[in-house]
Each structure stands twice: as C-alpha cells, then as structure tokens.
Amino acid sequence: MFCFHKKECTHPKISPDKDAGYCPDCGKYIENRWYLTRCNCCNVKRKSIIKFDTIIPESQYCPNCGSEHYHVEEVKSINFIDINFAVLVKQVNEQRSMNRTQTWLERENNEPIKLLGFNLNFS
Ligand SMILES: [Zn+2]
Ligand SMILES: [Zn+2]
C-alpha cells in the first residue's frame with residue numbers, strides 16, 4: 001500500500017494566506033515566512049527569488065542605484081505591496097511537528113568502513 005517514493009514534501013496544502021498550520025501530507029507544523037531583499041546602498045526593496053535554497057534578488061544589480069549588494073529581511077506581516085517583492089518560505093517547526101523524522105545520513109558509497117589497523121609487522 002504505502003509504496004510511494006517518498007519525496008520531500010513541499011506542503012502544497014499550506015496556503016500562503018495563513019501564518020502556520022499542520023501539513024496534511026506530512027504532519028509537520030509549517031510556518032509561512034516571507035522574506036525580501038533590500039539594496040544595501042539605497043535600501044530599496046528588490047524583487048526576490050529563491051535559487052538553490054538561497055534568497056537572492058531577481059536581478060543582479062539594483063534597478064535604482066546599480067549596486068549589487070543586498071541583504072535579506074524577514075517580512076513580519078505581508079501586505080499587498082510587499083507580496084510583489086517577497087518570497088514565501090515554508091519552514092518546518094520541528095518542535096511542534098507531530099511526525100518527527102530522523103535524518104539518517106547515508107554513506108555515498110557502500111564501501112565497508114575500513115579499520116585503520118596498525119601494521120605491527122616490523123620485519
Ligand atoms: Zn508537508
Ligand atoms: Zn540600490
């Protein structure tokens with residue numbers, strides 16, 4: 001019965017309009033957090049995207065002043081202006097999750113662990 005390939009849940013049923021809730025697909029307590037990037041130089045809000053699990057501005061340079069330096073800021077309460085700039089990150093609150101998973105680190109190859117034996121044969 002339960003032979004689905006277990007992929008990491010993206011919690012699609014946690015809608016962005018609520019702050020947090022339990023995901024019906026994986027049982028985790030998910031917190032919706034909004035982040036946007038701002039220019040370090042002129043402090044303008046930059047349209048933000050997530051790339052390789054990192055929040056970055058969509059464009060490399062600030063459209064307002066041309067600087068490439070930015071910082072990431074959490075948006076405490078999202079509004080209809082910021083939503084155009086911000087990205088949504090669904091963060092798992094492990095403390096409140098009923099269904100805690102354990103992370104098992106898999107070894108990359110199935111080589112048996114070699115014992116670091118000392119060579120006692122001096123002859
Ligand atoms: Zn989920
Ligand atoms: Zn700027």
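Residues numbered from 1 in each chain as written. Chains lettered and ligands numbered in written order. Predicted model: local features only at pLDDT ≥ 70, side-chain atom pairs only at ≥ 80, totals over all residues.

(A) Region of the structure containing the overall build of the protein. Scanning the protein from N- to C-terminus turns up zero helices and seven strands. Walking the protein from its N terminus toward its C terminus, one meets helices and strands in the order β-β-β-β-β-β-β. Every one of the 123 residues in the protein was classed for burial, and the buried ones make up 11%. Contacts spanning at least 24 positions in sequence make up 51% of the contacts within the protein whose residues lie at least 6 apart. (Helix = DSSP H or I, 4+ residues; strand = E, 2+ residues; numbered from the N terminus. Buried ≥ 20, exposed ≤ 12 C-beta atoms within 10 Å, placed from the backbone. Contact = placed C-beta atoms within 7 Å.)

(B) Summary view of the environment of D25. Relative to the helices and strands, D25 resides in the loop between β1 (20-22) and β2 (29-39). Given 12 C-beta atoms within 10 Å, D25 falls into the exposed group. Residues D25 and C9, spaced 16 residues apart in sequence, show a C-alpha to C-alpha distance of 7.3 Å. Excluding residues within four positions of it along the chain, D25 makes contact with C9, H11 and K13.

(C) Representation of unusual backbone geometry. Within the chain, N43 stands out as a residue other than glycine whose phi angle is a positive 70 degrees. Following the sequence through the fold, N43 ends up in the loop between β2 and β3 (45-46). Positive phi, normally seen in glycine, also occurs at D53, with a value near 60 degrees. Under the C-beta neighbour-count criterion, D53 is labelled exposed, with 6 such atoms within 10 Å.

Don't take any of this as a statement about function, it's just geometry.
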